[in-house]
Amino acid sequence: MDSTGTESSTGTGAEKDKAAVGLTKATTARTPAPTPAEAPDIQSHDTFVIKKALSLTAGEYVVSVARPDGSEGEPVAYAREKRLSLRGQVTVYTDASRKSVLAAFKGRDHEVGYMYDVRDASGQSFGSFYEDAGASFLRRTWQVRQPGTMKLTGRERSRVVAFVRFVWEFVPYLEYVPFIWPYRFKYTESGKPLMTVTKKLGLHTRYVLEILAPDIDRRLAIAHTLALDALEVD
């Protein structure tokens, strides 16, 4: 060390550099990993296309936002039906990896037959639906409930298609085959139309869900549309 203390100053600077590097590493190590991308904002969309994929192990569905021409746009949800479930059980996921649950429903015993509670990822119920057995004798009818918001009654629009479906279910062995003819359900509250579900005719099972009321929870509407197919031969 000379009388000016140059060597001592240099040594101190090196030590500070090492300390800075160590602090940077420690800070980086404590930085949390990036969180997964949030689920698509499905509440901002009014029309969806729900397409069923062929699978030997389970009923698979892809939910997409509908383009103006009615074709499938951006996928916003993926669903899987649990096969051999006597009460019907479907889980809806936010992406194809099936790591994040958007909604799920499963039937439970109720005075009306089976009640289907729709729950979020935490298990909290935010809606329900059930088939109105009495009204369904002539035209298949569903009641959809969104607590504190609305009560929808969904009914097949065509009496002819409803009659064909009725006969179909009484033909031996056909009751185990999904009803292939296209149909449309209209959902109303106090006579006001708020939602429609249309099954399209084609090689693949395909539904178009159109929501006319901004307050309807899109998760509930999608779950119920899936139930129309998944529970068709239950």
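Cut-off values and rules
- Residues numbered from 1 in each chain as written.
- Predicted model: local features only at pLDDT ≥ 70, side-chain atom pairs only at ≥ 80, totals over all residues.
- Heavy atoms only, no water.
- Helix = DSSP H or I, 4+ residues; strand = E, 2+ residues; numbered from the N terminus.
- Buried < 20%, exposed > 50% of the residue type's maximum accessible area, 1.4 Å probe, protein only.
- Areas by Shrake-Rupley, 256 points an atom, 1.4 Å probe, with all protein chains shown as cover.
- Pairing = 2+ DSSP bridges.
- pLDDT = per-residue confidence, 0-100.
- Contact = heavy atoms within 4.5 Å.
- Axes fitted to C-alpha atoms, helices over the stretch in contact; angles between N-to-C directions.
- Core = buried A, V, L, I, M, F, W, Y, C linked by side-chain atoms within 4.5 Å.
- Patch = residues over 30% accessible without salt bridge, like charges linked within 9 Å, V, L, I, M, F, W, Y side chains within 5 Å.
- Salt bridge = Lys/Arg side-chain N within 4 Å of Asp/Glu carboxyl O.
- Lys, Arg positive; Asp, Glu negative; His and termini not counted.
- Charge placed at Lys NZ, Arg CZ, Asp CG, Glu CD.
- Phe/Tyr/Trp six-rings, centres within 6.5 Å; stacked < 30°, edge-to-face > 60°.

(A) Spotlight on the overall build of the chain. Looking only at helices and strands, one finds three helices and 12 strands in the chain. A buried classification covers 37% of the 234 residues belonging to the chain. Put simply, the chain shows about 14000 Å² of open surface, and 56% of that area lies on carbon and sulfur atoms.

(B) Fine view of the pairing of strand 6 (residues 113–119). Pairing between strand 5 (residues 101–110) and strand 6: seven bridges, direction antiparallel. Among the inter-strand pairings, Lys 106 is bridged to a residue of strand 6, identified as Asp 117. Pairing between strand 6 and strand 7 (residues 125–131): four bridges, direction antiparallel. Bridge pairing in strand 7 places Asp 117 opposite Ser 128. Linking two consecutive strands that pair antiparallel, namely strand 6 and strand 7, is a turn of five residues; a positive phi of about 90° is found at Gly 123 within it.

(C) Quick look at the confidence of the model for the chain. Predicted confidence across the chain gives a mean pLDDT of 79, with 67% of residues reaching 70 or more. This stretch, residues 1–39, has a pLDDT under 50; its non-local contacts, to residues over four places away or in other chains, come to three contacts.

(D) The arrangement of the sheet that holds strand 7 in detail. The strand order around the closed barrel formed by 12 strands is 1-2-3-4-5-6-7-8-9-10-11-12, and the pairing between neighbours is antiparallel. In this sheet, adjacent strand axes meet at a mean angle of 20° when their direction is disregarded. Here five bridges tie strand 4 (residues 89–93) to strand 5, and the two strands are oriented antiparallel to one another. Residue pairing for strand 5: Tyr 93 is matched across the bridge by Val 101.

(E) Layout of the nonpolar core. Grouped together as the largest cluster of nonpolar side chains are 42 residues, with contacts concentrated most on Phe 48, Phe 129 and Ile 216. Broken down by element, this core gets its largest block of residues, eight residues, from helix 3 (residues 218–230).

(F) Quick look at a positive patch on the surface. A surface patch of positive charge is lined by Arg 157, Arg 184, Lys 186 and Lys 200. Along the chain, Arg 157 falls in the loop between strand 9 (150–156) and helix 2 (159–168). The partly exposed category is assigned to Arg 157, whose relative accessible area is 45%.

(G) Representation of the packing of aromatic side chains. Here the structure, examined in full by the defined rule, presents seven aromatic pairs. When the ring of Phe 105 is compared with that of Phe 129, the centres are 5.3 Å apart and the planes differ by 75°; the resulting orientation is edge-to-face. Taken as a pair, Phe 105 in strand 5 and Phe 129 in strand 7 lie far apart in primary sequence, 24 residues in all. Phe 129 shares its class with Phe 105; the two are buried. Centre to centre, the rings of Tyr 114 and Tyr 116 are 6.4 Å apart; their planes meet at 75°, and the pair counts as edge-to-face. Take Tyr 114: its relative accessible area is 32%, and that puts it in the partly exposed class. According to the relative accessible area criterion, Tyr 116 is buried, its value standing at 6%.

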